[in-house]
Amino acid sequence: MDSVIDQIDRALDMTGAIVATVDDDRLVAPTPCREWDVRAVLNHVVGGMHLFAAALTGMDAGAEHEDDWLGVDPQAAYAAAAEVDRAAWHRPDVLTGTVHISLGDLPGSAAALVHLTELVVHGVDIALGVHRPDLADDELCAELLTAMQTMGGIDGFRKPGMFDAEVPVAADAPAHQRLLGYVGRTW
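Just so it is clear, the model here is predicted, and its values are computed rather than measured. (Residues numbered from 1 in each chain as written. Predicted model: local features only at pLDDT ≥ 70, side-chain atom pairs only at ≥ 80, totals over all residues. Heavy atoms only, no water.)

### Some details on the layout of surface pockets
In this structure, the second largest pocket encloses a volume near 160 Å³. Around the second largest pocket, the lining residues are L128, V167, V169, H176, Q177, L180, G181, R185, T186 and W187. Among the elements that take part in the lining of the second largest pocket, helix α6 (residues 175-182) stands out by supplying four residues, more than any other. Across the lining of the second largest pocket, the residue classes break down as five nonpolar, four polar and one charged. (1 Å grid on protein atoms, 1.4 Å probe; cavity = no way out; pocket = protein on both sides within 12 Å on 5 of 7 lines; lining within 4 Å. Points joined across faces, edges and corners; volume = space filled by probe spheres on them. Helix = DSSP H or I, 4+ residues; strand = E, 2+ residues; numbered from the N terminus. Nonpolar A, V, L, I, M, F, W, Y, C, P; charged D, E, K, R; others polar.)

Written out as structure tokens, the structure reads:
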């Protein structure tokens, strides 16, 4: 199995491929992330990448999480954020330090798993919003779902706005559907 840094790289690539298909008219499309359209989810992801990179490097992100990170070119904003994010996660000893994020101070390895979850789940949210579930990396989704279940589940994080109650999904459904069901998404 890949390291969590390798998985973050794969999640950045997956989400980048999805974002590349987002036409301006699809930015207002609904997503499984209730109350957020494609643009809002993408903006949240781009802001999150900048905030994580800032936390990992000790720099200032330059804006708040939900500020407008996309401007007039969402694809370019995603690409730039992904580059900064990837570089930050590839710093030496990134997994052994402590990372301060909105959830508090976390060991680097736990912060990496939180970030991976954001990238994968929201990447799939966007994929479904633009009708491109074929771009979801089902192997990566299955790996993340297994990691969540292995660590004891996410019940402590189940609350509106983060993870809702698990939604039943057929055991033979594609991994991206099982992952979204596990985190409480319906589509």
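### Quick notes on the nonpolar core
Formed by 56 residues in total, the largest nonpolar core has its most connected members in M49, Y78, W89 and V120. Elements supplying a minimum of two residues to this core: α1 (4-19), α2 (38-57), α3 (74-89), β1 (98-101), α4 (108-129), α5 (138-150) and α6. With 10 residues, the top contributor of residues to this core is α4. Look past the residues within four positions of W89 in its chain and what remains in contact with it is I5, I8, F52, L56, V94, L95, G108, A111, A112 and H115. (Core = buried A, V, L, I, M, F, W, Y, C linked by side-chain atoms within 4.5 Å. Buried < 20%, exposed > 50% of the residue type's maximum accessible area, 1.4 Å probe, protein only. Contact = heavy atoms within 4.5 Å.)

### Quick look at the environment of V72
Along the polypeptide, V72 turns up in the loop between α2 and α3. Sequence spacing of V72 and D24 is 48 residues, and the spatial spacing of their C-alpha atoms is 9.7 Å.

### Focus: the packing of aromatic side chains
Inspection of the entire model under this criterion finds one aromatic pair. Ring geometry for F52 versus W89: centroids 5.9 Å apart, planes at 40°, classification tilted. Note that F52 is positioned in helix α2 and W89 in helix α3, a separation of 37 residues in sequence. Accessibility classification places F52 together with W89 in one group, the buried group. (Phe/Tyr/Trp six-rings, centres within 6.5 Å; stacked < 30°, edge-to-face > 60°.)

### Thoughts on the packing of α4 against α5
Where α4 contacts α5, the two axes come as close as 11 Å, and the packing angle between them is 135°. Comparing the axis directions of α4 and α5 gives the class oblique. Read as a crossing pair, α4 and α5 show a hand that is left-handed. Where α4 abuts α5, its residues L113, L116, T117, V120, V121 and V124 lie against L140, C141, L144, A147 and M148. Along the lines of polarity and charge, the residues of the contact of α4 with α5 split into 10 nonpolar, one polar and no charged. (Axes fitted to C-alpha atoms, helices over the stretch in contact; angles between N-to-C directions. Parallel < 35°, antiparallel > 145°, perpendicular 65-115°, else oblique. Left-handed = near helix turned anticlockwise from the far one by under 90°.)

### Section: a negative patch on the surface
On the surface, a cluster of negative charge is made up of D23, D24, D25 and D73. Following the sequence through the fold, D23 ends up in the loop between α1 and α2. (Patch = residues over 30% accessible without salt bridge, like charges linked within 9 Å, V, L, I, M, F, W, Y side chains within 5 Å. Areas by Shrake-Rupley, 256 points an atom, 1.4 Å probe, with all protein chains shown as cover. Salt bridge = Lys/Arg side-chain N within 4 Å of Asp/Glu carboxyl O. Lys, Arg positive; Asp, Glu negative; His and termini not counted. Charge placed at Lys NZ, Arg CZ, Asp CG, Glu CD.)

### Some points on the pattern of salt bridges
Tallied over the full model, the rule gives eight salt bridges. Residue R10 is joined to E143 by a salt bridge in which the shortest nitrogen-to-oxygen separation is 2.9 Å. Of the two residues, R10 sits in helix α1 while E143 sits in helix α5, which places them 133 residues apart along the sequence. Neither R10 nor E143 differs from the other in exposure class; each is buried.

### Structural notes on the environment of W69
Mapped onto the fold, W69 is located in the loop between α2 and α3. When its relative accessible area of 14% is taken as the criterion, W69 is described as buried. In this structure the C-alpha to C-alpha distance between W69 and G48, which are 21 residues apart in sequence, comes to 9.7 Å. Beyond its immediate chain neighbours, meaning those up to four positions away, W69 contacts N43, V46, G47, H50, A61, A63, E64 and A77. At a separation of 2.9 Å, a polar atom in the side chain of W69 contacts the main-chain carbonyl oxygen of E64. (Polar contact = N/O pair within 3.5 Å; in protein donor to acceptor, adjacent residues only side chain to side chain.)

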